[in-house]
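Commentary on secondary and tertiary structure
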Amino acid sequence: MSPGPRSSSSPRWRWLLLSLLLTAAPGPGSAFYLPGLAPVNFCEEGKESPECKSGIELFVNRLDSVESVLPYEYTAFDFCQAAGGKRPSENLGQVLFGERIEPSPYKFSFNKEETCKLVCTKTYHTDKAEDKQKLEFLKKSMLLNYQHHWIVDNMPVTWCYDVEDGQRFCNPGFPIGCYITDKGRAKDACVINSEFHEKDTFYIFNHVDIKIHYHIVESGAMGARLVAAKLEPKSFKHTHVEKPDCTGPPMDISNKATGEIKIAYTYSVSFHEEKTIRWASRWDYILESMPHTHIQWFSIMNSLVIVLFLSGMVAMIMLRTLHKDIARYNQMDSTEDAQEEFGWKLVHGDIFRPPRKGMLLSVFLGSGTQILIMTFVTLFFACLGFLSPANRGALMTCAVVLWVLLGTPAGYVAARFYKSFGGEKWKTNVLLTSFLCPGIVFADFFIMNLILWGEGSSAAIPFGTLVAILALWFCISVPLTFIGAYFGFKKNAIEHPVRTNQIPRQIPEQSFYTKPLPGIIMGGILPFGCIFIQLFFILNSIWSHQMYYMFGFLFLVFIILVITCSEATILLCYFHLCAEDYHWQWRSFLTSGFTAVYFLIYAIHYFFSKLQIIGTASTILYFGYTMIMVLIFFLFTGTIGFFACFWFVTKIYSVVKVD
């Protein structure tokens with residue numbers, strides 16, 4: 001669990017009802033009354049009680065940068081360390097995302113103000129190899145704009161500053177320091193202070209002014225609740241290091257500095273009462289200040305309208321044309337002078353002919369079903385507010401646990417379709433369903449982990465966690481897949497509405513647009529069109545360390561993606577059947593699965609246009625993790641397309657009369 005609030009004993013259903021109401025409520029903070037996170041009350045020293053404590057703990061998380069994919073633990077840097085202190089336990093999601101929360105030496109009491117309090121002093125002798133190495137690491141992290149992430153009462157400590165158009169942005173992190181280039185150009189945070197002007201010099205933020213905002217509890221309970229923690233990073237070259245007064249010039253470290261360098265770390269803390277902000281809506285100010293959130297509502301609504309319009313068009317064309325076809329075919333059968341069959345009815349004797357590489361298709365369908373159900377349930381819980389940013393790592397933990405438990409549907413679907421394709425190697429089928437796609441993902445993940453481990457990053461997953469993930473896979477997921485496959489093979493093969501002929505029918509010469517490749521390439525455009533705006537937000541939250549909280553919209557987009565994938569595939573499937581091409585199984589899977597190729601192209605565009613990532617390791621990591629997402633997305637969309645087409649084909653051939 002994360003530091004701060006612990007589970008409350010309120011009845012679960014009441015929370016569920018409350019969170020449903022809150023999710024429906026307007027405003028960006030509406031999803032943050034989290035079930036299971038109870039508020040903590042604080043009061044002044046001497047007035048403590050079991051319900052109210054005076055000590056406020058500040059926790060530190062890993063440091064990360066938008067210019068590098070490699071996060072590092074707080075202890076990897078030579079900052080002031082906490083003497084002892086219990087490290088909060090982390091859940092699986094936090095470990096997978098590289099979060100490392102540790103106690104910090106910054107401790108204060110409620111409503112007790114401190115001014116320029118010394119935390120510790122670090123001394124470096126540039127002639128000592130160890131000191132020089134520590135200093136170089138600090139300089140490199142300032143050059144790459146690494147950011148601190150501090151936590152008070154399970155809230156991020158934010159640094160708020162003005163950006164263009166009079167907007168105020170609250171960043172849930174603040175930089176270690178900044179750099180003025182040898183040409184005198186101020187990089188990153190160096191623009192905030194005109195005193196930062198020395199060329200080829202680093203300025204370290206060795207002082208923080210922390211402002212804690214609290215709200216007095218009215219309803220009988222004692223004390224106050226913290227509603228915001230903000231800070232302002234500053235730089236001071238303290239003249240008297242033992243008795244700092246937080247005045248004077250900024251703390252500069254020249255790139256060519258030699259001899260002894262002393263850095264004194266200090267902080268001030270002040271408390272401010274907030275009468276308007278309540279504990280329940282304390283995340284609002286961060287979310288409202290997030291860049292792009294205001295602009296994008298219109299774009300999202302726009303994309304929804306376009307997609308709904310297209311869906312209506314597709315549905316109307318399909319229903320009218322099909323209705324006419326079926327009526328005409330059935331009418332022809334009733335007349336004596338039945339002409340020769342034409343159109344999609346011609347291929348009724350071949351439509352359910354098993355596809356080539358049926359084994360691989362059935363395995364993909366099994367894994368795709370597993371991912372589809374996992375995504376649906378995870379997003380549903382996220383919509384209810386169970387997986388908000390306040391509950392750190394919950395989203396990832398939920399997804400991994402669901403994936404492990406959904407081995408049974410994967411095995412069942414793979415076995416059912418493999419049997420209907422006439423396959424008999426059931427052992428190979430079960431083993432491939434259990435190991436092929438998860439194995440590819442794990443192998444990619446393991447290689448990425450080796451790179452992170454080699455770079456000494458905090459995102460490198462400890463060996464124990466890797467063993468735990470393998471244990472979940474081999475001891476829970478695989479046996480569940482076998483159980484699903486057992487039931488799938490035990491059932492009779494899927495009954496088709498028409499018989500398959502002994503001799504395959506020859507497919508006539510196809511025109512350009514009914515050939516497989518153009519159809520597959522076209523099929524992915526429509527589904528991608530409805531997700532790319534959300535994709536921008538999701539990639540931002542992963543790579544630019546911004547919070548993602550629009551799960552309601554994401555769930556809506558997920559539903560629209562399912563509908564669009566289904567309709568695009570059915571439409572193209574209908575055209576191909578009319579052209580007497582009955583190889584629909586792989587084509588339906590690849591048509592909507594091709595959306596993943598557009599996803600990959602967008603991710604490459606995003607890397608070059610939006611990110612400032614530098615370094616080989618970071619680039620390899622970006623594309624390594626992107627490939628995992630692309631594979632999962634391919635299986636997920638492909639499965640939707642296949643099921644839609646399978647339902648469509650079964651439906652139309654069951655209502656038409658066949659001799």
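Note that the coordinates shown come from a computational prediction; the quantities given were computed from them, not determined experimentally.

Attention shifts here to the pairing of strand β11 (residues 159–162). Sheet analysis places β11 next to strand β12 (residues 168–171), joined by four bridges and oriented antiparallel. Note that in β12 the partner of Tyr161 across the bridge is Phe169. Connecting β11 to the antiparallel partner β12 that follows it, the hairpin turn spans five residues, and Asp165 within it adopts a positive phi of roughly 65°.

With that settled, consider the packing of aromatic side chains. For the structure shown, the criterion picks out 65 aromatic pairs. Each ring, one from Phe380 and one from Phe555, has its centre 6.3 Å from the other, and the planes form 55°; the classification is tilted. Of the two residues, Phe380 sits in helix α6 (residues 358–383) while Phe555 sits in helix α13 (residues 551–578), which places them 175 residues apart along the sequence. Judged by relative accessible area, Phe380 falls into the partly exposed class, the value being 40%. By relative accessible area, Phe555 is classed as buried at 17%. Where Phe607 meets Phe623, the ring centres are 5.0 Å apart and the plane angle is 55°; that geometry is what we call tilted.

Before going further, it helps to spend a moment on the nonpolar core. The tendency in soluble globular proteins is for nonpolar side chains to be buried side by side. The biggest cluster of nonpolar side chains holds 160 residues, and the ones touching the most others in it are Leu138, Trp150, Trp344, Val649 and Tyr653. Lining this core are residues from two domains, each supplying at least three of them: domain 1 (41–286) and domain 2 (307–321 + 356–503 + 510–655). The residues contacting Leu138, other than those within four sequence positions of it, are Phe77, Phe79, Tyr124, Ile176, Ile204, Ile263 and Tyr265. Counting twelve residues, the second-largest nonpolar core is a separate cluster that includes Val95, Val400, Phe445 and Leu466.

This next bit is on the sheet that holds strand β15 (residues 201–204). Read from one edge to the other, the open sheet built from three strands follows the order β14-β15-β18, with strand pairing classed as antiparallel. The open sheet is flanked by β14 (177–180) and β18 (252–254), the only strands paired with a single partner. Across the sheet, the mean angle separating the axes of adjacent strands is 25° when strand polarity is ignored. Pairing analysis gives three bridges linking β15 to β18, with the strands arranged antiparallel. Residue Thr201 lies in a different strand from β18, and its bridge partner there is Ser254. Contacting β14, β15 and β18, helix α3 (residues 129–143) runs over the sheet at an angle of about 90° to β15.

Turning our attention to a nonpolar patch on the surface. On the surface, Phe376, Phe380, Phe381, Ile559 and Ile563 cluster together into a nonpolar patch covering about 400 Å² of accessible area. When contributions to the nonpolar patch are tallied by element, the ones reaching two or more residues are α6 and α13. Looking at which element gives the most residues to the nonpolar patch, the answer is α6, with three residues. Its relative accessible area of 31% is what places Ile559 among the partly exposed residues.

What follows covers the confidence of the model for the protein. Summary statistics for the protein give a mean pLDDT of 86 and a share of 90% for residues scoring 70 or more. Below a pLDDT of 50 lies the segment residues 1–36, which in the model reaches 73 contacts outside its immediate sequence neighbourhood of four places, other chains included.

This next bit is on the domain arrangement of the protein. Structurally, the protein comprises domain 1 (41–286) and domain 2 (307–321 + 356–503 + 510–655). The straight-line distance from the C-alpha centre of domain 1 to that of domain 2 is 41 Å. Taken together, the 30 residues of domain 1 in the interface contact 30 residues of domain 2. Taken together, the two surfaces of domain 1 and domain 2 that pack against each other cover about 2600 Å², and 66% of this comes from carbon and sulfur. Counting the surface domain 1 buries against domain 2, the share from its top three residues, Val66, Val69 and Leu96, is 24%.

On to the side chain of Gln147, then. For Gln147, the location among the structural elements is in strand β8 (residues 147–148). Taking the relative accessible area as the measure of exposure, Gln147 reaches 14% and is therefore buried. Within the local environment of Gln147, its side chain forms a polar contact with the side chain of Asn171, the two groups lying 3.2 Å apart. When neighbours within four sequence positions are excluded, Gln147 is seen to be in contact with Arg62, Leu63, Asp64, Asn171, Gly173, Phe174 and Pro175.

Moving on, we come to the state of the cysteines. Per the stated rule, a full pass over the model turns up five disulfides. Between Cys116 and Cys246 runs a disulfide, and the two sulfur atoms are separated by 1.9 Å. When the S-S torsion is 90°, as for the bridge of Cys116 with Cys246, the disulfide is right-handed. Here Cys246 lies in the loop between β17 (224–234) and β18 and Cys116 lies in strand β7 (residues 114–125), a separation of 130 residues in the sequence. At a sulfur-sulfur separation of 2.0 Å, the disulfide partner of Cys178 is Cys190. Around the S-S axis, the bridge from Cys178 to Cys190 shows a dihedral of about 90° and counts as right-handed. Taken together, the residues span a long stretch of sequence, with Cys178 in strand β14 and Cys190 in the loop between β14 and β15 at a distance of twelve residues. The closest cysteine sulfur to the non-disulfide-bonded Cys565 is located on Cys530, 7.3 Å from its own sulfur.

A sheet is described by the order of its strands in space; here four strands give the open sequence β6-β3-β9-β10, paired in antiparallel fashion. This sheet does not close on itself; its edge strands, each paired only once, are β6 (102–109) and β10 (155–156). Sheet topology note: the strand β9 (residues 150–152)/β10 ladder contains two bridges and is antiparallel. Each residue of the ladder has a partner; that of Val152, found in β10, is Met155.

Let's shift gears to the packing of α6 against helix α8 (residues 407–420). Taken N-terminus to C-terminus, the directions of α6 and α8 make an angle of 150°; their axes are 8 Å apart at the nearest point. When the axes of α6 and α8 are compared, the pair comes out roughly antiparallel. Considering the relative orientation of α6 and α8, their crossing is right-handed. Here Gly358, Met359, Ser362, Val363, Leu365, Gly366, Thr369, Gln370 and Ile373 of α6 come into contact with α8, specifically with Gly407, Pro409, Ala410, Val413, Ala414, Phe417 and Tyr418. Per-class residue counts for the contact of α6 with α8 are ten nonpolar, six polar and no charged.

Inspection of the secondary structure assignment puts Leu480 in helix α10 (residues 463–490). In sequence terms Leu480 and Ala280 are 200 residues apart; their C-alpha atoms lie 40 Å from each other. Setting aside its immediate chain neighbours within four residues, Leu480 contacts Val404, Leu405, Gly407 and Thr408.

The rules we used
Residues numbered from 1 in each chain as written. Predicted model: local features only at pLDDT ≥ 70, side-chain atom pairs only at ≥ 80, totals over all residues. Heavy atoms only, no water. Pairing = 2+ DSSP bridges. Helix = DSSP H or I, 4+ residues; strand = E, 2+ residues; numbered from the N terminus. Phe/Tyr/Trp six-rings, centres within 6.5 Å; stacked < 30°, edge-to-face > 60°. Buried < 20%, exposed > 50% of the residue type's maximum accessible area, 1.4 Å probe, protein only. Core = buried A, V, L, I, M, F, W, Y, C linked by side-chain atoms within 4.5 Å. Domains from an automatic or database assignment. Contact = heavy atoms within 4.5 Å. Axes fitted to C-alpha atoms, helices over the stretch in contact; angles between N-to-C directions. Patch = residues over 30% accessible without salt bridge, like charges linked within 9 Å, V, L, I, M, F, W, Y side chains within 5 Å. Areas by Shrake-Rupley, 256 points an atom, 1.4 Å probe, with all protein chains shown as cover. Salt bridge = Lys/Arg side-chain N within 4 Å of Asp/Glu carboxyl O. pLDDT = per-residue confidence, 0-100. Buried area = accessible area lost by both parts, 1.4 Å probe. Polar contact = N/O pair within 3.5 Å; in protein donor to acceptor, adjacent residues only side chain to side chain. Disulfide = S-S within 2.5 Å. Parallel < 35°, antiparallel > 145°, perpendicular 65-115°, else oblique. Left-handed = near helix turned anticlockwise from the far one by under 90°. Nonpolar A, V, L, I, M, F, W, Y, C, P; charged D, E, K, R; others polar.

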